[in-house]
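Here's the letter readout for the chains.
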Amino acid sequence: MTGTADVGVDKDSDESAAAVPSAPGSGGEGRPEPGPTPEVSLIKDRTIKTPAPVKTPEQPGPPPAETTGAPAPAAPAAPPGEPEPPDEAPHLDVDEPLLAARAHRPSDLIRFLAGVLGIVAVFVLAGIATSTTTGIEQDIASNAPHFSAVFSTITGLLSSVAVLAVPLAFAVERLIKRDGLRVADGVLASVLAYGVSLGIDWWVAEGASDHIRDALTQLPLDSTGTLTDPVHGYLAPVIAYMTAVGMSSRPRWRVALWVVVVFSGVTELLGGYTTPLSLLLTVLTGWSVAYGTLYAIGSPNIRPTGQHLMIGLRKVGFTPAGAMRAPDAPGGTRRYQVTQQGGPPLDVHIIDREQQASGFFYRAWRRLRLRSVAVRRSPQSLRQALEQEALIAYAAAASGARAPQLVATSELGPDAAILVYENVEGRTLDELADEEVTDPVMASIWQSVTALHERRIAHRRLTGESLLVVDGRTGCLVNLSGGDIAATDLTLRIDVAQLLTTFALRIGPERAVATANAVLGAERVAQALPLLQPVGMSRSTRVDLAKLTKERKAAARARALEQVAAGERTQEQAEEDIAAAGEDLLSRIRGQILQIAPEAPMAPAKLERLKPKSLIMVIALTFAAYLALTTIKPAQLKLSQMNWAWAAAALLAAAFSYVAAAMSLTGFVPEKLPFRRTVAAQLAGSFVKLVAPAAIGGIALNTRYLQKAGIRSGQAVASVGASQLAGLAGHLLLLFSFGLITGSQTNGDLSASRAVIIGVLTAAVLALVVAAVAPLRRFVLGRLRSLFFGVVPRMLDLMQTPSKLVTGFGGILLLTLSFTACLDFSVQAFGGDVSFSAVAVVFLTANAAGSAIPTPGGIGPVEVALIGALTVADVSPAVATPAVFLYRALTFWLPVLPGWISYNVLQRRNAL
């Protein structure tokens, strides 16, 4: 279906600026020059239609006239004396999907977050800098009488009128420009700003501290007792309205607004109706609400479409006949394949501010994490982006590398620019079948990369989508916009490592390294070995590497299961196959490089400035400090009523739990582990609990510890799994046993034992339900199959060493008894009287119930469950509450600092 779209827009609006760019040398800014405007249509099918009959150089008659004042190389102007072209313009077809009516700009989100942080900073400043804020208010109050009453009255009247007149005039101007949608956005933002202002006023009046209230409010000089508002209910909506309507591209209106805001603020200050922090809070509130609204509902999309592109191409001298949207280039750059009336096809790239803003947070994280040499600096402005890509394209052409030729550049209004390349027909590496990735194709690409590197040009995006194969034989480099000029040696070596990985993902590391060695030589290939790190690769390459490793492991595990079941392979041989399949691709590439260059440097290059684990550690410590300050309260511990002897016994029991945990782990590992280091690893787990649920964090840390101890990944997981399975069985057995003991000790009251029996029966019913429901049965059987493949064979190996089993199961028993003793001693420390078996039932049930909620370390649910369970066990709340807080302090909070020290020491010794 073909529909004709009118491209005539208001010449002073943003849309016209994007639609009709200024012609080179015309001196105009977004103002079209006289001349015919081509009719542009938007079609849905993927076929570029032949344009309506037009005059070509072979046909008689004058060529079509251009709308630019400069000579047009592709379509020369009519000779002198020839009549001017007719008013009818050729019909131009544009095949592209419709752009969204609204766009959610990351820049709006960034401004909103900055405004929120500013509001928080104002409240913090109001709460801590009381002397400064009070002094400023007193200085203003003392100087206010120096201004005459007549002056204050006149300024107050003018500011009141201006605050209403400027937004009204701006709305009228926008409506005249047929921009009513923006006006509606502004009205919505102003209403929301007014609501937020009322909310802040209510909170300051009812819930804020006296310091904040004093800093944001005051008694007016002529008032009898009513405090001023913390946020001005009329000024914040005005700021939100003007910001949401979009005044950033209209400097005159922006200046008018801030003159009004400053004028009104000074008037309010001199009249004693506000404070400096209140004015700042008002501005930040209106600003934040405006950008939050714009990001939530989206801003009107003014990105240039294919229609605007066709007009822009005609203005720079081309004769487009039709255009088709092509897949986007990396970074979100839009591409169009354009056919001309009498010239070769073109590949046109559009860069705009929306595309530049996309991926901001990812780029910010990469810049924070990696050293500056390992990450490319993004251009700060649209003009810089245009110049950078043009410079890279021209430099690549001069180097002799095979790359599309850049033939023209132009701005497409104030918010976009175009780069016109010659169209090169071919298929990307991602589109080729594996058998089509031949050695000549790879050698051709390596030769182009070598030509770039000889001129110190880095591509930086050598992924499959940037490698174009022409005629099935020759490689061509595209997507050069992310490259670097005058690149360092490290940047060029990253290019080699990236291209090696790209080829290895398709045809394996052997051929990839061999082809690179044939073109570059062993020395240059060896220099890339330290750069073969996932962190230095592109995002798509990292995803592909992780996917490949996961698929290889899954396939090897499935094959090993079949072979073991058929008796073709032993369990040990199957585990070796799985471990070999789990070797990542980068390690295999390194092995191939070392075969051709044994002297290649092995130490990885330091690309990271900040490692994720360091960031996690900082966050964990901050989180721990916050939780400790907010949850541990001396009043709840009741230290004055505590028996210090019982507390010391509870501390010893808590400390012994780490020895028991080390025994429970070493008992399920046939290999010999250093016991002290294993105890230190369990102590380090107390720090990991801060950022992960207790069970998950402990499993991950123990698995990592066993792998660093030289145990293969599959066996490490199986050992930890066996320990967890045995711990679950021991937990249920102890719960059942202590439940029966508790019931027999209560003079025939079998409530506790009945509860245990009910729990067992409930588990049996659940097992029957799982067996009856087919999807659940398949899920559980699949899990059990994997379990029997790893855990059960590990247990069979352990049965050959009875001492290991005694150590493992003994550690599980001692671990439970240690925690139970710690809780029992904590209850005794505050005068509680309850049997040890009852405390054991309380610990085993409440701790499991609280840990089921996946909060870091079980903070919150564990305390609530333990206090509730002790209360049910006839322990008074006055004793149960401080006892549980003492127990949690000894088993969770106190080991955090020693755990952090152990974690760092083990990392430095490469044990974690």
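The following paragraphs examine the structure supplied in this document. These numbers come from a predicted model, not from an experiment.

**A short note on the side chain of Ser448**
- Relative to the assigned elements, Ser448 resides in helix 14 (residues 439-454).
- Filtering out sequence-adjacent residues up to four positions away, Ser448 remains in contact with Ala401, Arg402, Gly475 and Leu477.

**Things to note about the nonpolar core**
- Counting residues in hydrophobic clusters, the biggest one holds 51 residues, and the most contacted among them are Phe503 and Ile593.
- Of all elements in the fold, only helix 13 (382-399), helix 14, strand 13 (467-470), helix 15 (489-507), helix 16 (509-520), helix 17 (522-527) and helix 20 (585-596) reach the threshold of two or more residues within this core.
- Broken down by element, this core gets its largest block of residues, 9 residues, from helix 15.
- Residues contacting Ile593, with those up to four places away along its chain left out, are Leu500, Val513, Val525, Ala526, Leu529, Leu532 and Ala600.
- Judged by nonpolar contacts, the second largest core, of 38 residues, contains Phe819, Phe830, Val862 and Val875.

**What about the pattern of salt bridges?**
- Counted under the stated rule, the structure contains 9 salt bridges.
- The partner of Arg460 in a salt bridge is Asp484, and the shortest N-O contact between them spans 2.6 Å. A residue pair is termed long-range when its members are at least 10 positions apart, and Arg460 in the loop between strand 12 (457-458) and strand 13 and Asp484 in strand 15 (residues 484-485) qualify at 24 residues. Note on accessibility: Arg460 and Asp484 belong to one class, buried.
- Through salt bridges with shared partners, a single ionic network connects Arg383, Glu387 and Glu411.

**Remarks on the pairing of strand 10 (residues 416-422)**
- Of all 7 residues making up strand 10, 6 are buried, and the element is well covered by its neighbours.
- As judged from the 7 bridges shared by strand 8 (residues 346-352) and strand 10, these two strands associate in the antiparallel manner. Bridging from a neighbouring strand, Ile351 pairs with Ala417 of strand 10.
- The turn joining strand 9 (residues 406-411) and strand 10, which pair antiparallel and follow one another in sequence, is formed by 4 residues; a positive phi near 85° is taken by Gly413.

**Looking at the packing of helix 23 (residues 644-666) against helix 29 (residues 802-829)**
- Where helix 23 meets helix 29, the closest approach of the two axes is 7 Å, and the angle between their N-to-C directions is 160°. Considering the angle they form, helix 23 stands roughly antiparallel to helix 29. Crossing hand, helix 23 versus helix 29: left-handed.
- Of the residues belonging to the contact of helix 23 with helix 29, the class tally is 18 nonpolar, 10 polar and 1 charged.

**Focus: helix 23**
- End to end, helix 23 covers 34 Å across 23 residues, agreeing with the expected 33 Å (1.5 Å per residue, within 8%).
- For helix 23, the capping residue at the N-terminal end is Asn643, with a side-chain oxygen 3.0 Å from the backbone nitrogen of Ala645.

**A word on the pairing of strand 14 (residues 474-477)**
- With 4 bridges connecting them, strand 13 and strand 14 associate as antiparallel partners. Bridged to Leu468 within strand 14 is Cys476.
- Between the end of strand 13 and the start of strand 14, which pair antiparallel, lie 3 residues, with Asp471 showing a positive phi angle near 60°.

**Topic: a negative patch on the surface**
- A grouping of Asp430, Glu431, Glu465 and Asp544 is seen on the molecular surface, where their side chains present a negatively charged patch.
- Note that Asp544 resides in helix 18 (residues 539-566).
- Of the residues examined, Asp544 reaches a relative accessible area of 37% and is grouped as partly exposed.

**Quick look at the sheet that holds strand 11 (residues 427-428)**
- Here 3 strands make up an open sheet; going across it, the order is 11-13-14 and the pairing antiparallel. What marks the edges here is a single partner per strand, and that holds for strand 11 and strand 14.
- Sheet strands in contact with helix 14 are strand 13 and strand 14, and its direction is about 35° off that of strand 14.

**Some thoughts on a nonpolar patch on the surface**
- On the surface, Val116, Val120, Val124 and Ile128 cluster together into a nonpolar patch covering about 340 Å² of accessible area.
- The residue Val116 is located in helix 2 (residues 106-128) in this model.
- Judged by relative accessible area, which is 32%, Val116 ranks as partly exposed.

**Observations concerning the environment of Leu477**
- Within the secondary structure, Leu477 sits in strand 14.
- Taking relative accessible area as the criterion, Leu477 reaches 0% and is therefore assigned buried.
- C-alpha separation for the pair Leu477 and Arg402, spaced 75 residues apart in sequence, amounts to 6.2 Å.
- Setting aside residues up to four positions removed in sequence, Leu477 forms contacts with Arg402, Ala403, Pro404, Ile445, Ser448, Val449, Leu452, His459, Leu462, Ser466 and Leu467.

**Brief notes about unusual backbone geometry**
- The phi dihedral of Arg456 falls on the positive side, at around 60°, and the residue is not glycine.
- Position of Arg456 among the secondary structure elements: in the loop between helix 14 and strand 12.
- The phi angle at Asn479 is positive, at roughly 60°, despite the residue not being glycine.
- Of note, Asn479 is situated in the loop between strand 14 and strand 15.

**Describing the environment of Leu294**
- Along the chain, Leu294 turns up in helix 9 (residues 276-297).
- For Leu294 and Arg102, which are 192 residues apart along the polypeptide, the C-alpha to C-alpha distance reads 9.7 Å.
- Contact partners of Leu294, with chain neighbours within four places excluded, come to Asp108, Thr243, Ala244 and Ser299.

**Comments concerning the packing of aromatic side chains**
- Summed over the entire model, instances satisfying the criterion amount to 7 aromatic pairs.
- Taking the centre distance of 5.1 Å and the plane angle of 80° together, the rings of Trp287 and Tyr291 count as edge-to-face. Here Tyr291 and Trp287 lie together in helix 9, a separation of 4 residues that amounts to about one turn.
- The class of Trp287 is partly exposed, set by a relative accessible area of 26%.

Parameters and conventions
Residues numbered from 1 in each chain as written. Predicted model: local features only at pLDDT ≥ 70, side-chain atom pairs only at ≥ 80, totals over all residues. Heavy atoms only, no water. Helix = DSSP H or I, 4+ residues; strand = E, 2+ residues; numbered from the N terminus. Contact = heavy atoms within 4.5 Å. Core = buried A, V, L, I, M, F, W, Y, C linked by side-chain atoms within 4.5 Å. Buried < 20%, exposed > 50% of the residue type's maximum accessible area, 1.4 Å probe, protein only. Salt bridge = Lys/Arg side-chain N within 4 Å of Asp/Glu carboxyl O. Pairing = 2+ DSSP bridges. Axes fitted to C-alpha atoms, helices over the stretch in contact; angles between N-to-C directions. Parallel < 35°, antiparallel > 145°, perpendicular 65-115°, else oblique. Left-handed = near helix turned anticlockwise from the far one by under 90°. Nonpolar A, V, L, I, M, F, W, Y, C, P; charged D, E, K, R; others polar. Expected span 1.5 Å × (residues − 1). Polar contact = N/O pair within 3.5 Å; in protein donor to acceptor, adjacent residues only side chain to side chain. Patch = residues over 30% accessible without salt bridge, like charges linked within 9 Å, V, L, I, M, F, W, Y side chains within 5 Å. Areas by Shrake-Rupley, 256 points an atom, 1.4 Å probe, with all protein chains shown as cover. Lys, Arg positive; Asp, Glu negative; His and termini not counted. Charge placed at Lys NZ, Arg CZ, Asp CG, Glu CD. Phe/Tyr/Trp six-rings, centres within 6.5 Å; stacked < 30°, edge-to-face > 60°.

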